[in-house]
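# Remarks on the overall topology
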Amino acid sequence: MNKETKPNLASDLRAETLRRRYRVKDATGQCIETEDQMHQRVAGHVAQAETRYGAPSEQVERWKHRFFELMKNGLFLPNSPTLMNAGRANGLLSACFVVPVDDSIEDIFEAVRVTALIQRAGGGTGFSFGRLRPTGDRVASSGGTTSGPISFMTVFATVTGAIQQGALRRGANMGMLPVHHPDIIRFIAAKQNPKALNNFNISVAVTEAFMAQLHDEPTSPHVVVNPRTKKRYIIPRSIDVNSYTLDNLVPEGASAEECYTVAELWQMIVSSAWANGEPGVCFIDNGNPHKPTPHRGDIEATNPCGEQPLEPHASCNLGSIDVSKFVTAKGTDLHWDRLAEVIADAVRFLDNVIDVNHYPLPQIEKVTLGNRKIGLGVMGFADTLVLLGTRYDSEGAAKFAERLVSF
């Protein structure tokens, strides 16, 4: 097969993906817009943000054209919700959300409701379940006991599964639990059953204090704290890791019974992560001191893939630049000046999305407008190395990656 007739498999895959997932369809599921019309829809909607800052119509039209060209030529693409929903009624454009889960039935199921709305529109959700009281703790209003964070995570997972067919894409969750929560061992073991929490990634929120203790006193007892009462406990080795309750724990300092040490808890995390990738680890204290909006609250979780730490009720919209499109004809370098122009346009595009977005809750809108988080990344990095004649596992590739992200 000669060069002229050889099929472009990458182009075919791109076209099929856009057809199935992003282009507008009618009631029968048939596409009613072309790729160009999809890009025009998105570019026109996002460019409308310029009017909020006094731009005349001709300037808005210029930005619409620039945004259209970025997407049409594959130089830049925004996240899935923007492609799917921009220019449509009540269009949710952000990809990443952290939804707070507070310690009451009303608050838990309000979080479930918000999650369903976000995922139906194509967004991903992250949660910290650290505020929930541990399994077996008392519920004053009923006189009974609570079933704990893992059981409520199952509720979120069930809702995610239930809205899959009606959603624009599969829902995904990130669930986090602080390393000092009494249910932490149940959490670490939660996904040993391959059928459990299938649409959740889970991560232990590890603190600097825990890591310091692991370094300095690894054989000391691992102390957990009830978030409701602030009482401190140790975890006996005699517990059943899948079914223990608060009543099985021992108050700190009250017993010499054999208990799990800090090092043993860390080994549990490592062993489970080695076995099936779950749980992950989030060094939760590292993000907060360095974030640019400290007055907007603390980060407590991330989006489902872990790349976007967020405060409660925060959201973020993402986009990527295809760096392979900037390789010079001789394959020796990038067109850095052109890349700089596209970076500036992509940042403007993403910032505009914040203004023309539809938010599922007033609280999410307030927090998002208060910190205006965007995420601009790269795609096509491996393709770029191929075009530059550089091995992926080489020192040259590492140096190029550092130069690229620094730029």
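This text follows the structure it describes.
Quick summary incoming for the structure in this document. (Residues numbered from 1 in each chain as written. Predicted model: local features only at pLDDT ≥ 70, side-chain atom pairs only at ≥ 80, totals over all residues. Heavy atoms only, no water.)

Per the secondary structure count, the protein chain includes 14 helices and 13 strands. For the protein chain, the spread of C-alpha atoms along the three principal axes comes to 75 × 50 × 45 Å. Expressed as a percentage of its 407 residues, the buried residues of the protein chain come to 47%. Restricting the contact set of the protein chain to residue pairs at least 6 apart, pairs at least 24 apart contribute 68%. Within the structure as shown, the protein chain displays about 20,200 Å² of accessible surface, and the carbon and sulfur contribution to it stands at 53%. (Helix = DSSP H or I, 4+ residues; strand = E, 2+ residues; numbered from the N terminus. Buried < 20%, exposed > 50% of the residue type's maximum accessible area, 1.4 Å probe, protein only. Contact = heavy atoms within 4.5 Å. Areas by Shrake-Rupley, 256 points an atom, 1.4 Å probe, with all protein chains shown as cover.)

Glancing now at the layout of surface pockets. What the largest pocket holds in volume is close to 860 Å³. If you list the elements that add at least two residues to the lining of the largest pocket, you get helix 1 (9-21), strand 1 (76-78), helix 4 (80-85) and strand 12 (315-322). Broken down by element, the residue count for the lining of the largest pocket peaks at seven residues, all from helix 1. Across the lining of the largest pocket, the residue classes tally to 14 nonpolar, 15 polar and nine charged. By volume, the second largest pocket is sized at about 320 Å³. (1 Å grid on protein atoms, 1.4 Å probe; cavity = no way out; pocket = protein on both sides within 12 Å on 5 of 7 lines; lining within 4 Å. Points joined across faces, edges and corners; volume = space filled by probe spheres on them. Nonpolar A, V, L, I, M, F, W, Y, C, P; charged D, E, K, R; others polar.)

On to the nonpolar core, then. Counting 48 residues, the largest nonpolar core has Phe129, Phe156, Ile184, Ile185 and Phe200 as its most contacted members. Only helix 5 (105-120), helix 6 (148-162), helix 7 (184-188), strand 5 (200-206), helix 8 (208-216) and helix 9 (262-276) provide two or more residues apiece to this core. Core analysis: the next-biggest nonpolar cluster, separate from the first, contains 40 residues, Ala43, Val46, Val327 and Leu339 among them. (Core = buried A, V, L, I, M, F, W, Y, C linked by side-chain atoms within 4.5 Å.)

The next thing to look at is the environment of Pro182. With respect to the element layout, Pro182 can be found in the loop between strand 4 (173-178) and helix 7. Judged by its relative accessible area of 1%, Pro182 is buried. If we skip the residues at most four places from it in the chain, Pro182 touches Pro134, Val224, Val225, Asn226, Pro227, Ile235, Tyr244, Leu246 and Leu249.

Pairing is antiparallel in the open sheet, where three strands are placed in the order 6-7-8. The open sheet is flanked by strand 6 (223-225) and strand 8 (250-251), the only strands paired with a single partner. In the sheet, strand 6 pairs with strand 7 (residues 232-234) via three bridges, with the strands oriented antiparallel. Looking at strand 7, one finds that Val223 is bridged to Ile234. (Pairing = 2+ DSSP bridges.)

A few words now on the state of the cysteines. Taken as a whole and judged by the stated rule, the model has zero disulfides. This cysteine, Cys96, is not joined by any disulfide, and Cys316 carries the nearest cysteine sulfur, 5.4 Å off. (Disulfide = S-S within 2.5 Å.)

Turning to helix 9, a few remarks are in order. A rise of 1.5 Å per residue sets the reference length of helix 9, with its 15 residues, at 21 Å; its end C-alpha atoms lie 22 Å apart and thus fit the reference within 8%. Listing the buried residues of helix 9 in full gives Val262, Leu265, Met268, Ile269 and Ser272. An end-on view of helix 9 places all buried positions within 125° of arc, on one side of the element. Of the exposed residues in helix 9, the ones pointing more than 90 degrees away from its buried face are Trp274 and Ala275. Here the buried face of helix 9 lies against helix 7, strand 5, helix 8 and strand 9 (280-283). (Expected span 1.5 Å × (residues − 1). Arc of directions from axis to C-beta.)

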